[in-house]
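# Summary of structural features
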Amino acid sequence: MVEISRPPYLPMAMRWERAARLLEIETNTRQGLGEAQRMQWLGEVAGLQESLRHIADKKQQAERLPAQAGHGEAGVGALG
């Protein structure tokens, strides 16, 4: 599935909502990882660790958006 990213000129409230949702997803993923580790579900552990890597990438992209927003079209492709 191809994800279409939104441009960096989203209203500030929408960016905050997306950031809050990303933190919620991260928290839930970490909780699931803890359970998977306790239960020794190795495949699940690997999958959740990969998810956390992607979440970290998205967080870094989101942190760069405010700086790129002032650069017009240069920042449109910031999120992958």
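The following paragraphs examine the structure supplied in this document.

### With respect to the overall build of the protein
Looking only at helices and strands, the protein features 2 helices and 0 strands. The 80 residues of the protein split such that 21% are buried. Sequence separation of 24 or more characterises 43% of the internal contacts of the protein that already satisfy a separation of 6 or more.

### Some words on the nonpolar core
Listed in full, the 7 residues of the largest apolar core are Leu 22, Leu 33, Ala 36, Val 45, Leu 48, Leu 52 and Ile 55. When residues of this core are assigned to their parent elements, the largest contribution, 4 residues, is made by helix α2 (residues 42–69). In this structure, Ala 36 is in contact with Trp 41, Glu 44, Val 45 and Leu 48, ignoring residues within four places of it in sequence.

### A few points about unusual backbone geometry
Backbone geometry at Gln 40 places phi at a positive 60 degrees, although glycine is not the residue there. Residue position: Gln 40 is located in the loop between α1 (12–39) and α2. The class for Gln 40 is exposed, based on a relative accessible area of 63%.

### Side note on the pattern of salt bridges
Throughout the structure, instances matching the rule amount to 4 salt bridges. Among the ionic pairs, Arg 30 bridges to Glu 26, the shortest N-O distance being 3.2 Å. Placement of the pair is Arg 30 and Glu 26 together in helix α1, with a separation of 4 residues, close to one helical turn. Residue classification places Glu 26 among the buried residues on the basis of a relative accessible area of 12%. Taking the shortest distance from any N to any O, the salt bridge between Arg 53 and Glu 50 comes out at 2.6 Å. You can see Arg 53 and its partner Glu 50 sitting in helix α2, 3 residues apart, about one turn around the helix. Owing to a relative accessible area of 48%, Arg 53 belongs among the partly exposed residues under this scheme. Since its relative accessible area comes to 34%, Glu 50 is described here as partly exposed. It is possible to trace a salt-bridge network through shared partners that takes in Glu 26, Arg 30 and Lys 59.

### Here's the deal with the environment of Gln 49
Examined against the element boundaries, Gln 49 turns out to sit in helix α2. Note: C-alpha distance between Gln 49 and Arg 30 (19 residues apart in sequence) is 8.6 Å. Apart from residues lying up to four places away in sequence, Gln 49 is in contact with Leu 33 and Gln 37.

Calculation criteria
Residues numbered from 1 in each chain as written. Predicted model: local features only at pLDDT ≥ 70, side-chain atom pairs only at ≥ 80, totals over all residues. Heavy atoms only, no water. Helix = DSSP H or I, 4+ residues; strand = E, 2+ residues; numbered from the N terminus. Buried < 20%, exposed > 50% of the residue type's maximum accessible area, 1.4 Å probe, protein only. Contact = heavy atoms within 4.5 Å. Core = buried A, V, L, I, M, F, W, Y, C linked by side-chain atoms within 4.5 Å. Salt bridge = Lys/Arg side-chain N within 4 Å of Asp/Glu carboxyl O.

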